Every structure is written in structure tokens, then in C-alpha cells.
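# Fold and geometry: a report
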Amino acid sequence: MAMENPFEGKEIWFGVGSQDLYGEEALRQVAQQTGEIVDFLNNTGKIPAKIVLKPTLKSSDGVKAFMTEASANPNVIGVITWCHTFSPAKMWIRGLEVLTKPLLQLATQHHKEIPWETIDMDFMNLNQAAHGDREFGYIVSRLGIPRKIVVGHYTDPEVAEKVGTWARACAGWDASQNMKVMRWGDNMRNVAVTEGDKTEAERVFGASINTWAVNELVAAYDKVKDDQVKDLIEDYKAKYDVAPELLDSRYDELFIAAKEEAAMVNMMRENGCTAAVDNFEDLGALPQLPGVGPQRFPSEYGWGFSAEGDWKTSVLVRIGAVMGYGLEGGASLMEDYSYNFVPGNELDMGSHMLEVSPAIGTIEKPKLAIYPLGIGGKSDPVRLVFSGKPTDAVVVSMADERERFRLLMDEVTVVEPQGSLKSLPCARAVWKPKPDLKTAVQCWITAGGSHHTCMTTSVGREAWEDFARIAGVELAVIDENTNARQFEKELEISEMYHRLNNRH
Ligand code: MN
């Protein structure tokens, strides 16, 4: 079991702008020096998708052909532009208007230092990115096209890091555009924030969100072969600290849990789905509320999962899993449960009945155990129990604000639990929210953020900001600089902006 590499076969196209005015020799140097820049960036190892240099863009027709091809090619997840020389920006208009892929404007330069003693007019004519990038920037801003702007010499490590983070957001967007979400059951009765407009979600995020009857899952469960179940149990034994009773007197219940995972995985694969939800109120003849299986969706398959029919959080978890591919940590459903209001030691504890994933990283090897579950009226479910490993993280929620979706993010620091939590039979994480618990909670509630979130410990703020910009979706951020009064004002301005901005 390993997550499919979302960057496999994916490309980022690099279009360098110039014009015919400069003559053959200058254009040859433009192409050659840009090639050096692209090779350098590819060799940093910080950019998970391959950057491919395309022929120099010198005309309006050329730009339009480049942008049309990039938009139509399913392997292209983003486009980087840079103007080595002065590139009159009217030639970019028709191309930019047809571009449907994420855009990054690289404001760089081939030379690092001005050659103080030798610089002449020829050198300055050839190397005038400072000039060209402004002209290009004007037209992109005028057209109102969102893009990431990265500034710096191409050898500056921060440049590759920022391009790499954006490449991750591009892959998240690509995954979102191709996502099918399997809903086993509707959302939990009477819950508001987990509701939402699934048709609008497909328009905005590309994700297709549909329902399969739980009876189909029960039928898939009945068809699972014993070998598949035994293989899963072997995998559990290799990765987790399995409670002895599950390998002895309660083996049948472990077998049921693994069989449920197999049934879910088989249905997901048969239908090409990469995110899912279930609902403890709608389990049909399934013996247990699925626990360990859904917990492994992000960590073993790179899929999204959320409980109680919350497809919005499941979509975020899938995007988070893709953006964080290959990095330490991962993505999981999280839910705010309990505060520690002790002055000077304010903390938030997140958990869920069962479904928090070890993808976020665990302090100790997760325990695979069985305990009763007070709700749902089913057999005791088998679940992984662990505490999230201390690290920087973000929690992100998606809420339907009637005419749009709002993403809300808080930067947090996951910390060690302050006690054994030995009586708590579910996975959890304890964190310090930024800027402090009281401000973070006040701002979160002001913005109407969900109690369900996607926690990512692999990628942080910048990747989600890049993703939100690409998606054209509001992202409100609570961070170390947030104060509640200012945040409320930012939200008001943001509401106006997103209501007036009809581009998306
Ligand atoms: Mn919940």
C-alpha cells in the first residue's frame, strides 16, 4: 500500500518572454540562459514536478499557442513565465485569456551581480528582466489573473522553495480537478456546517461528489476475499502495536474491521474515487462503524476521508495529502474537542470518535485496539489510538457561505499531551493555536469556521495560500500577527471582495 505519486508524469511549463527586435544572437542567449535557470531549478530537488522549457515566446500568436497547449494538456499542472528581456505585454493578452492552468510569475535574472566594470548597452539590452517583468506584471494585473509571484536570483534557495511549494499547490489543484468523492450516507442529521452545495463545489473545485448506497458497501463487504483481509492484518501487525486480544479472543472483530477496510478500498478503486465519507447513522448491515480503515485512507492510500458525511473536509484532506506527498507528516480529519484554559498553558485538543489519521505523525507507534462506542448501536469498532507528534501544522476548514466557499486556516503548533490520556480510546492531537488560544478561537468563531478541519503537518500556510489563490476561493488566515479586531475588519473587506469579484 502506497499512495500513488501525484507528480508522476506531471510537468510545469516554462515560457520565457522576449521579442524579435533583439535579433538572432540575443534570442539564442535568451534561450540558453533560460535553459541554465530551468536546469538549475530542476536540480535543486525542491520542486516535485519537472519544469520543461518551451521555445522562447516572441509574438502574440506564439503566446496564444503556448497557453492553449498548456491548458489542453492534462499532464501540465502549471505555467511559469519570466521575461528575460523586454517583452511588450500586449502580446500576452490573448494567451493569458485562454490560460486555465495555475500561473507563477518568476521575477528573476540570469546575472546575480551587476557587472559594475564591464556593463554596457548590449548587456543591459539583453538582461533587462527588471524591465520586462514589470511590463508583464502590468498586463496580468490588468487582466485580473491571480498568480504567485516569486522574486529573487534563481540560485537563491528561497526561490526554489517557493516554486516547489507552488508546484505542490498545483498538484493539489490537479487532484481537486480530477477528484471523485464517494459518499456512503448523507451528512449527520441536523448538523449545519457539514452541509453545502455539491454542485457549486464541482464548479469551484472540480470535485465530483456523489452518493453510493450503504447497501452497495455491504454487498462489497460480502464479496471481499479472505486473502485480502489477511494481507491487511499483516500490514496492521507490521505498522501498529496490535492489542493482544485482537490476535486472540477478539480476532474475529479485527477480521471484520480489516474486511470493512477492504470493502471500502475495493469500491473506491472500482469507481476511481480519491476521497470518501461515511455516516455512523447510516451503516446498514455493516457490523462496525469503520475505524482503522478510514484512518488509513490518508496514510496508506493518500485519499481524503471525513466522518458524518462531511465531504468538504474529505476534499481538503485529499488535497492536503497530495500537496504534502513525499514530505514528512501528512493530512487528516481533525475536530476541536476540548480546551485547556489554564493561564500560560492554553491548548486545544482535537480528536474524533475514530477517524483521525496517523498520517499527521505519531509520538509512539499507534496502538490498534478495540473499545465500545457509545453511539451508533453497532459492535465495538477497531481503531488506531495515538497522539499526534509535536510539529508545526495548520488546520483548515471549508464552510459554505451561501454564494461562495470560505476556507479558514489557523497556524498551530502540535505539542505533547500534558498527561497520559490513558482513558481516552481514540486518536488525538494537542496544539497551541497562533497567536494564542483565546484570539484564535474568537477569530475562528467570528469567521464561522467548522468544528471539522483538515490538519496538515506536511505543508503549511504557503501551500494552502497558493492553493486558495489558484482556486479563486477566499482564505482567511489566523496567524501569529492576528488580532481579533483587525481580523473582523479583514473579513468584512474580504466578504465584499469575494462578492464583487466575478472572475470565479
Ligand atoms: Mn465530527
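Residues numbered from 1 in each chain as written. Predicted model: local features only at pLDDT ≥ 70, side-chain atom pairs only at ≥ 80, totals over all residues. Heavy atoms only, no water.

An unreviewed UniProt entry lists the chain under the name L-arabinose isomerase, with Bifidobacterium erythrocebi as the source organism. Turning to the chain, the UniProt annotation filed under Function (unreviewed entry) states: "Catalyzes the conversion of L-arabinose to L-ribulose." Turning to the chain, the UniProt record has this under Pathway (unreviewed entry): "Carbohydrate degradation; L-arabinose degradation via L-ribulose; D-xylulose 5-phosphate from L-arabinose (bacterial route): step 1/3." (UniProt positions renumbered as here; feature names shortened; annotations may be inferred.)

### Points about the domain arrangement of the chain
Domain parsing of the chain yields domain 1 (11-176) and domain 2 (178-501). Centre-to-centre, using C-alpha coordinates, domain 1 lies 37 Å away from domain 2. Residue-level contacts link 16 residues of domain 1 with 21 residues of domain 2. When domain 1 packs against domain 2, the two sides together hide about 1,500 Å² of surface, and 59% of this comes from carbon and sulfur. Of all residues in domain 1, Arg168, Trp173 and Ser176 give up the largest surface area on contact with domain 2, accounting jointly for 43% of the area buried on that side. Here domain 1 and domain 2 share three salt bridges between them. (Domains from an automatic or database assignment. Contact = heavy atoms within 4.5 Å. Buried area = accessible area lost by both parts, 1.4 Å probe. Salt bridge = Lys/Arg side-chain N within 4 Å of Asp/Glu carboxyl O.)

### Description of the coordination of the manganese ion
Protein coordination at the manganese ion: the donors are Glu308 (OE), Glu335 (OE), His352 (NE2) and His452 (NE2), at 2.1 to 2.4 Å from the metal. In terms of primary sequence, the donors binding the manganese ion are separated according to E-x26-E-x16-H-x99-H. With Glu308 in the loop between strand 10 (304-306) and helix 12 (311-323) and Glu335 in strand 11 (residues 331-340), the pair connects residues that are 27 residues apart, well separated along the chain. In this structure, Glu308 and Glu335 share a single accessibility class: buried. (Donors = N, O, S within 2.8 Å, 3.2 Å for Na, K, Ca; no water. Helix = DSSP H or I, 4+ residues; strand = E, 2+ residues; numbered from the N terminus. Buried < 20%, exposed > 50% of the residue type's maximum accessible area, 1.4 Å probe, protein only.)

### What about unusual backbone geometry?
The residue after Lys434, namely Pro435, is reached through a cis peptide bond having omega 0°. Within the secondary structure, Pro435 is located in the loop between strand 17 (428-433) and helix 13 (437-446). The backbone phi angle of Glu308 is positive, close to 55°, even though this residue is not glycine. Non-glycine residue Arg402 carries a positive phi angle of around 75°. Looking at the secondary structure, you find Arg402 in the loop between strand 15 (391-400) and strand 16 (405-415).

### Considering the UniProt feature "domain: L-arabinose isomerase C-terminal" (unreviewed entry) in the chain
On the UniProt side, "domain: L-arabinose isomerase C-terminal" (unreviewed entry) is annotated at positions that read residues 330-474 here. Here residues 330-474 is 14% helix and 39% strand, with 23 Å between the C-alpha atoms at its ends.

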